[in-house]
Amino acid sequence: MTIKKAAAPRSPVTPRLVEPTAWRHVDLEVNGSTVSTEVESRLLLSDFLRERLALTGTHVGCEQGACGACTVLLDGRAVRSCLTLAAACTGREVRTIEGLAEDSLHPVQQAFHDHHGLQCGFCTPGFVMSITELHEREEPVSEDELMDQLCGNICRCTGYRGIERAARQSVRVATEGGADDE
Amino acid sequence: MSESTSTREATEAPRLVGQPIPRVEDDRLLRGQGRFVDDVTLPDALHIAFLRSPHAHARIRSLDTSAAESAPGVVAVYDGRSLLGVVEPLVNIEEVRVPPGLIEGVAPIVKIQPMPPLAHDEVNYVGQPMVMVVAESRYLAEDAVEEILVDYEPLPVVTDPERALDPDSPLALLEADDNVGLQAHISTGDMEAAIAGAHVVLEETFASQRYVPSPMETRGVVASIDPFSARLQMWSNTQTPHRVRDHVAHALGISTDDVTVTTPDVGGGFGQKGILIVEEILVPFAARDLGRTVRWQADRTENLVADTHAREQIHHLTIAADADGRLLGVRDRCITNMGCRNVVGLVVAYNALVHLTGPYRVPALDLELVGSLTNTMFTAPYRGAGRPEAAFAMERAMDRLAVRLGKDPAEVRRINLLTEEDMPYFSGLLDRRGLPQEIDTGDYVKMLDMVEEMIDFPTFREEQARLRGSGVHRGVGLGMYIEMSGLGPFESARATVLPSGTVRVSTGSPSQGQGHATSFVQVAADALDVPMDDIELVGGDTYNLQYGVGTIASRAMVTAGNAIDMACRELHTQIERAAAGLHGVAPEDVALQAGKVVVAGAASMTLAELVRALTRSPSDDPSAGLSAHAYFRPPNYATSSGLHAAVVEVDTATGATSILDYVVVHEAGNIVNPTIADGQILGGAVQGIGGALLEHLQYDANGQPTTATYMDYLMPTVETVPEIRLGEVFYPTPTNRLGVKGLGEGGAVGPQAAIANAVEDALRPHGVVVRSTPVNPDHIRRLLRESAAATTSGGE
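Residues numbered from 1 in each chain as written. Chains lettered and ligands numbered in written order. Predicted model: local features only at pLDDT ≥ 70, side-chain atom pairs only at ≥ 80, totals over all residues.

**A closer look at the overall build of chain B**
Applicable threshold: Secondary structure is summarised from DSSP: a helix means a run of H or I of at least four residues, a strand means a run of E of at least two, and numbering begins at the N terminus for each. With C-beta atoms placed from the backbone, a residue counts as buried when 20 or more other C-beta atoms lie within 10 Å of its own, as exposed when 12 or fewer do, and as partly exposed for counts between those limits. Here, residues touch in the contact sense if the C-beta positions derived from the backbone fall within 7 Å of one another.
Check the secondary structure of chain B and you find 21 helices and 29 strands. Counting only C-alpha atoms and orienting by the principal axes, one finds that chain B spans roughly 95 × 75 × 50 Å. Split into buried and exposed, the 796 residues of chain B put 58% on the buried side. Within chain B, contacts between residues separated by at least 24 positions form 82% of all contacts whose residues are at least 6 apart in sequence.

**Here's the deal with the nonpolar core**
Residues and elements named next belong to chain B. Operational definition: By convention the nonpolar core is taken to be a set of buried residues drawn from Ala, Val, Leu, Ile, Met, Phe, Trp, Tyr and Cys and joined through C-beta atoms within 7 Å.
In this structure, Ile48, Val133, Val134, Ala524, Ile755 and Val759 are the most contacted members of the largest nonpolar core, which totals 294 residues. In terms of residues, this core owes the most to one element, helix α17 (residues 556-583), which gives 14 residues. In contact with Ala524, other than residues within four places in its own chain, are Ala495, Val505, Ile535, Ile564 and Cys568.

**Thoughts on the domain arrangement of chain B**
Residues and elements named next belong to chain B. Going by this rule: Domain segmentation is taken from an automatic or database assignment of domains. Throughout, the ten residues Ala, Val, Leu, Ile, Met, Phe, Trp, Tyr, Cys and Pro are labelled nonpolar, Asp, Glu, Lys and Arg are labelled charged, and all others, Gly among them, are labelled polar.
One can read the domain layout of chain B as domain 1 (37-88 + 97-155 + 218-266 + 272-306), domain 2 (313-486 + 635-792) and domain 3 (488-632). Measuring from the centre of the C-alpha atoms in domain 2 to the corresponding centre in domain 3 gives 41 Å. Taken together, the contact between domain 2 and domain 3 spans 18 residues of the former and 15 residues of the latter. If you list the elements that add at least two residues to the side of domain 2 that touches domain 3, you get β19 (473-485) and α19 (674-693). Considering only residue class, the side of domain 2 that touches domain 3 consists of seven nonpolar, seven polar and four charged.

**Details of the domain arrangement of chain A**
Size of an interface, as often reported, equals the accessible area lost when the parts are brought together. Residue and element names in this part refer to chain A. What the domain assignment lists for chain A is domain 1 (22-99) and domain 2 (100-176). Here domain 1 and domain 2 have C-alpha centroids that lie 21 Å from each other. Contact residues are listed per partner, giving 16 residues for domain 1 and 14 residues for domain 2. At the level of elements, β3 (71-74) and β4 (77-80) are the ones that each hand at least two residues to the side of domain 1 that touches domain 2. At three residues, β3 tops the list of elements feeding residues into the side of domain 1 that touches domain 2. Classifying every residue of the side of domain 1 that touches domain 2 gives seven nonpolar, eight polar and one charged.

**Brief notes about the sheet that holds strand β24 (residues 596-599) of chain B**
Residues and elements named next belong to chain B. To keep it simple, the criterion reads: Paired strands, as defined in this entry, are two strands with at least two bridges between them according to DSSP. Each axis is a line fitted through C-alpha atoms, taken for helices only over the stretch in contact, and angles between the N-to-C directions span 0 to 180 degrees.
Strand order in the open sheet formed by three strands is β23-β24-β25, and the pairing between neighbours is antiparallel. The open sheet has two edge strands with one neighbour each: β23 (590-593) and β25 (605-606). Against the sheet, α17 engages β23, β24 and β25, with an angle of about 135 degrees to β23.

**With respect to the sheet that holds β3 of chain A**
Each strand in a sheet pairs with another by means of backbone hydrogen bonds, the pair being arranged parallel or else antiparallel. Residue and element names in this part refer to chain A. Read from one edge of the open sheet, five strands run β2-β1-β5-β3-β4, paired in mixed fashion. Sheet topology places β2 (33-40) and β4 at the edges, where each strand pairs with a single neighbour. Neighbour-to-neighbour, the strand axes of this sheet turn through a mean angle of 40 degrees, independent of strand direction. Relative to β4, β3 runs antiparallel, the two sharing four bridges. Residue pairing for β4: Val72 is matched across the bridge by Val79. Each of β3 and β4 touches helix α3 (residues 124-135); the most contacted strand, β3, lies at about 35 degrees to it.

**Examining the environment of Ser36 of chain A**
Following the sequence through the fold, Ser36 of chain A ends up in strand β2. Sequence separation between Ser36 of chain A and Ser130 of chain A is 94 residues; the distance between their C-alpha atoms is 26 Å.

**Section: helix α9 (residues 279-290) of chain B**
Residue and element names in this part refer to chain B. Applied cut-off: Multiplying 1.5 Å by the residue count of a helix minus one yields the expected span of that helix.
For α9, spanning twelve residues, the distance from its first C-alpha to its last is 16 Å, which sits close to the expected 16 Å at 1.5 Å a residue. Among all positions of α9, only Glu279, Glu280, Ile281, Leu282, Val283, Pro284, Phe285, Ala286 and Ala287 are buried. Positive phi shows up at Gly291, right after α9, with a value of about 65 degrees.

**Some details on unusual backbone geometry**
All names here are of chain B. Each neighbour pair has its own omega, and for Gly488 with Pro489 the value is 0 degrees, a cis peptide bond. Tracing the backbone shows Pro489 in the loop between β19 and β20 (491-497). With an omega of 0 degrees, the peptide bond between Thr773 and Pro774 qualifies as cis. In this fold, Pro774 is placed in the loop between α20 (751-762) and α21 (777-792). Even without being glycine, Ala230 reaches a positive phi, approximately 65 degrees.

**Overview of α3 of chain A**
Three- or four-residue spacings in an α-helix give side chains the same orientation, since the helix completes a turn every 3.6 residues. The terminal C-alpha atoms of α3 of chain A lie 16 Å apart, and with twelve residues this matches the ideal 16 Å at 1.5 Å per residue to within 8%. Where the residues of α3 of chain A are buried, they touch β3, β4, α2 (107-114), α4 (143-151) and α5 (161-170) of chain A together with α1 (26-30) of chain B.

Structural data, given as structure tokens:
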């Protein structure tokens, strides 16, 4: 067994990676800014945001679509960025946790603070984005829909009570019978 | 609803300690501005992917990495042979050390099998690292791993910890003499006499399943060579940065002075990140070997399969009691599945034994532990570290005892529980330090009283009987435990006034989400009399502080909290003395109040003005540097405790259990920040509920893990969790000035016992006995089928 070393000195500019899949051009909007660049066909949206755009607030918890930590809004819908290819996002609008707050916290973020809805903060951006989708919905959200949405994210620290309270503070939940909108 | 006695003098009434101060960490984390280890970006960083063993036990006949070496983007490929004599095998030295008192008093058998950094000959669990590929991206590194060719010779496999102890069992590790990693026996009183004089002798076996800490952020390491000093800089999400520094230096044969370990924001630990794994040694090795920044972040399958597992433990109990249910003696043979190697010594198994009968007065104890090696991932501490397993066994036994005697489970507990009059209580055993086990403070009957106020048992029993008539099965269960918290040997803190006037407080304990930047700063602010906004906390950085232990074993507030208190009180005195010297007045004429230095007859100064003046004035006071350093060495454990009560409804058709009510009464001395403390209790309780109802890391008979994703390994979600009602009692410990006890682990200790007891209570008409967790629908349906079969065949 021989060990292969980095024999040659590094080039002054990082060359584009050797990539077995095809490169594709994408144009998309991320947090209100236009991004126009080349991506590998297989590049995940989560890695695109984190590694290429340095938007590291989107966290990767499982890469299996199960934990929800990487949730972002794609054209306003909550999606798993670890199951979304960056190449499929051309012409679309992505919002991440970094795009929510201005000077003061966004109402969903504020609700998490108010209700002690976070401890380590790793799952938090995913939860906040999932709840933001419902927060921004004009029509009231049903109880089932709210619970479905919350069950799509895993938190290991808080025991969820604070998260649920934060969600109820920031989402308009339909009362029983759905007459809320009348 | 609280008992409170204070150890503090009235003149020193705390202002911030005890207040529910909102967390200062939240803003950054909520904006997505947290910096976790995978967010540390350095130019041209290389990424690692590992080839891991697909076999539970095999010999590596041959290994061909040539295709991987020439794969696109690959910079280096290392296999086990290439590291022989280059990287030392890993032993978690601090964990496996047996204290002199235990060597003398217990003489345990502790066999340690060092973990090779990469397997070169034998692999003995699925997931064991064999080849490390370093490439320009994780994608390319994973591509290259696929190109590695290996010829394996499969070997016989053993996964069951009791089967592993049979003389004819296959060896789990060929280089070991047998499958025994640990063996110890401790006792007090006369167990034979207890059995001879007993009205009832109960023999039962209770087993906790294997489950895992599973923090949302997996393990990650970034290692870089400082371009100026050529020293190694690591960012690691470890719970014990000083231990990582020491182990990395040892394994790579370099000086600890040349290694700095920094913990950035950490996404949960729960014990998993407190144990070193070989990857933490391999990443810095590659960085030094290649002279490049190298990073590795486990993916979730690596986390579930190849990071520490926990809990799997079997207790064979014999309980001797009198006719009232008073305990006369407890015998236990406890078998811990240690997995592929004994990585953590006595820690988990011994912890289980010394916590087994925790809250109860038991005159005779006869306790044996065996740790067996199997072809599974190694097990290590996870929130509770042996206590949940012990509490599950003992609390199930207390309920079985009550059933045998036809008594109420609460009353059988009541006559055995320790009260304030018993304190300090000596169990007759040696604790983990090898010193006589002493419970300092507490009153467990008071906790039972409080639970009985929060859950109206007589009304519940009436309703339970009424509902049974209509086929609804409800039950209530209790789970009581103690937790000897505040593990030593020490923790360190330094408090320094910076040129800006900010006070920097450094401590060896990093945070994994516990909110130290709030709670530790509350302690510092009170000790200094400086506003929280003017204090900055640095947790777990080996550059700022050379000596430290870490955040494990419910120790941070006890050990780091008190070290911070000591350092900050010393700094307060230094500041006043320095200001007095500057003004030529007596120290009594100077007061540091609310961050300002008030001097009699002069204008008050800020700390920034004070340090500026000090640096300009000639002084013969050698201590005028305005920096204080302290070590806190706990004289004894501070024993906290908890009592959980669950009310459940079991659907006998589906086997599903729903929690209707859940109560936790806990005791942890003085509470620094009630919001944070409640969050710790709640979060721990939900991890325990996961263990009680859902979580199970399973292997098949060939040692293949069958729960390697979150689709197969069930984690609690918002729907799993009931509203949890908290109650508190307060017995401040005399073992430290703040009167605090650890509470990080406690919440996770009670749920398995409370829920299993409640499920069995619900199914009492069916005569089932719950002997293991999780009590998931499969398990409950199996119990009901067995009970139905036993009834029709005339049994029971």
